[in-house]
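Descriptive structure summary
Chain by chain, the residues run as shown.
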Amino acid sequence: MADTLLQAPEGEMPELPDIEAYVEALRARTIGQELIGIRLANPFFLRTVDPPLCSANGRRIASIHRLGKRVVLGLEEDLFLVVHLMIAGRFHLKPPGSPIPRRFGLAALDFQDLAILITEAGKRRRASLHVVQGREALAELDPGGIEPLGSTVGQFRNALTSENHTLKRALTDPRILSGIGNAYSDEILHRAGLSPLKLTRDMGQEEMTRLHAATQAVLSEWTDRLTQEARSTFPEKVTAFRPEMAVHGRFRQPCPVCGTPVQRIVYADNEMCYCPRCQTGGRVLADRALSRLLRDAWPQTVEELKERLPGMRLTRPEP
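Residues numbered from 1 in each chain as written. Predicted model: local features only at pLDDT ≥ 70, side-chain atom pairs only at ≥ 80, totals over all residues. Heavy atoms only, no water.

**Quick word on the environment of L160**
Among the secondary structure elements, L160 is positioned in helix α3 (residues 153-160). Taking the C-alpha atoms as reference points, L160 and I146, separated by 14 residues in sequence, lie 10.0 Å from one another. Beyond its immediate stretch of four places on either side in the chain, L160 contacts L167, A170, I176, L177, T200, M208 and L211. (Helix = DSSP H or I, 4+ residues; strand = E, 2+ residues; numbered from the N terminus. Contact = heavy atoms within 4.5 Å.)

**Quick word on the side chain of T119**
When you line up the elements, T119 lands in strand β7 (residues 115-120). Only 2.8 Å separates the side chain of T119 from the side chain of H92, close enough to count as a polar contact. (Polar contact = N/O pair within 3.5 Å; in protein donor to acceptor, adjacent residues only side chain to side chain.)

**A look at the sheet that holds strand β5 (residues 89-94)**
Reading across from one edge, β1-β6-β7-β5 is the order of the four strands in this open sheet, with antiparallel pairing throughout. For this open sheet the edge positions go to β1 (37-40) and β5, each flanked by a neighbour on one side alone. Going from strand to strand, the sheet's axes swing by 20° on average, the running direction of each strand aside. (Pairing = 2+ DSSP bridges. Axes fitted to C-alpha atoms, helices over the stretch in contact; angles between N-to-C directions.)

**Some thoughts on the environment of L106**
Along the chain, L106 falls in strand β6 (residues 105-110). Judged by its relative accessible area of 1%, L106 is buried. Separated by 19 residues in sequence, L106 and R125 place their C-alpha atoms 9.1 Å apart. (Buried < 20%, exposed > 50% of the residue type's maximum accessible area, 1.4 Å probe, protein only.)

**Topic: the side chain of R29**
Tracing the backbone through its elements, the reader meets R29 in helix α1 (residues 16-30). For the buried residue R29, which engages in no salt bridge, the nearest side chain bearing the opposite charge is E24, 7.7 Å off. At 2.9 Å, the side chain of R29 forms a polar contact with the backbone oxygen of A25. Those residues in contact with R29, other than ones at most four positions away along the chain, are L93, L114, A230, R231, S232, T233 and F234. (Lys, Arg positive; Asp, Glu negative; His and termini not counted. Salt bridge = Lys/Arg side-chain N within 4 Å of Asp/Glu carboxyl O.)

**A short note on helix α5 (residues 182-192)**
The element α5 is largely enclosed, with a buried count of ten among its eleven residues. By the burial criterion, the buried members of α5 are N182, A183, Y184, S185, D186, E187, I188, L189, H190 and A192. Contacts made by the buried residues of α5 are with α1, α4 (167-172), α6 (205-232), β9 (263-267), β10 (270-274) and α7 (276-279). Taken from the residues just after α5, G193 is the one with a positive phi, measuring 70°.

**Remarks on the packing of α1 against α6**
To describe two helices that pack against each other, one gives the angle between their axes and the distance between the axes. Relative orientation of the contacting elements α1 and α6 amounts to 30°, with a least axis distance of 8 Å. In terms of orientation, α1 lies roughly parallel with respect to α6. You can see that α1 and α6 cross each other, and the crossing is right-handed. From α1, L16, P17, D18, E20, A21, E24, A25 and R29 reach across to α6, where they touch L219, W222, T223, L226, T227, A230, R231 and S232. Tallied by class, residues from the contact of α1 with α6 come to eight nonpolar, three polar and five charged. (Parallel < 35°, antiparallel > 145°, perpendicular 65-115°, else oblique. Left-handed = near helix turned anticlockwise from the far one by under 90°. Nonpolar A, V, L, I, M, F, W, Y, C, P; charged D, E, K, R; others polar.)

**Concerning the sheet that holds strand β2 (residues 61-67)**
The strand order across the open sheet formed by four strands is β2-β3-β4-β8, and the pairing between neighbours is antiparallel. Edge positions in the open sheet fall to β2 and β8 (128-133), since each of these has one partner strand only. When the angles between neighbouring strand axes are averaged without regard to direction, this sheet yields 20°. When strand β4 (residues 79-84) meets β8, the two strands line up antiparallel, connected through six bridges. The residue of β8 that forms the bridge with L81 is V131. Most of the contacts of α1 go to β2, to which it runs at about 175°, and overall it touches β2 and β3 (70-75).

Given below as structure tokens:
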């Protein structure tokens, strides 16, 4: 099998809806099945030595659930396989005994009627597998953030204001909220009509309630959609860039609400996308690198942006 068949584009980490889709797909196909064995193609993928990897051989899959952005496969007698896909890791459903691709293959979970292959695109190997015994050991891998879909407004507010961070940082901090990353935080903030740079302790009660509602709505909508698809088709093309998203990955495309070109701030390996009219009161946020380079030429408002980019649509799109 060619490596290209199993490549996943290196972009952004699977988040709560994507992980829940994997959980749904794996549950439907492996619960109650005996794990014949695990083939390890890259030794750096395995991050634990006790209990040994071979201790999983011959045990049945008893449960599968999400822990933050990790997928947990629970075996008989409370042995757990904990997979963190990081940015470019992906699961693949293949026929039994399928070879692990040479360039991108990490491991294979072998069952009698199928194989679950784990790959990681790109040059960096950051995906991980932990084998742990007992629920206390499993709990040590939990970063500690609250589950946003099960939270009350009060719990949500207490978590976000435990430290004074920007909303973007707070939403994506796994110690604060579980499972949210770069993509869905952009969508949540756009739905709530809030600036990604607003500080959590500057939030009013109405804004916090609106953000909580937007968080639950966005995550629920995407989780329902992706898990429904996963029941019939294994999620082979997990991506953080979807054409149906409002702002994430849509730089310079019209906002679906007001038509203003979506803007972004690029930092490290990520980008933060937002609508300046819907979220920042018409102000274009400064990208550190570009604004330093352009200085006085950097557009400060939507109107200045329109002057510098005359061909871009700034009117509300037709319904």
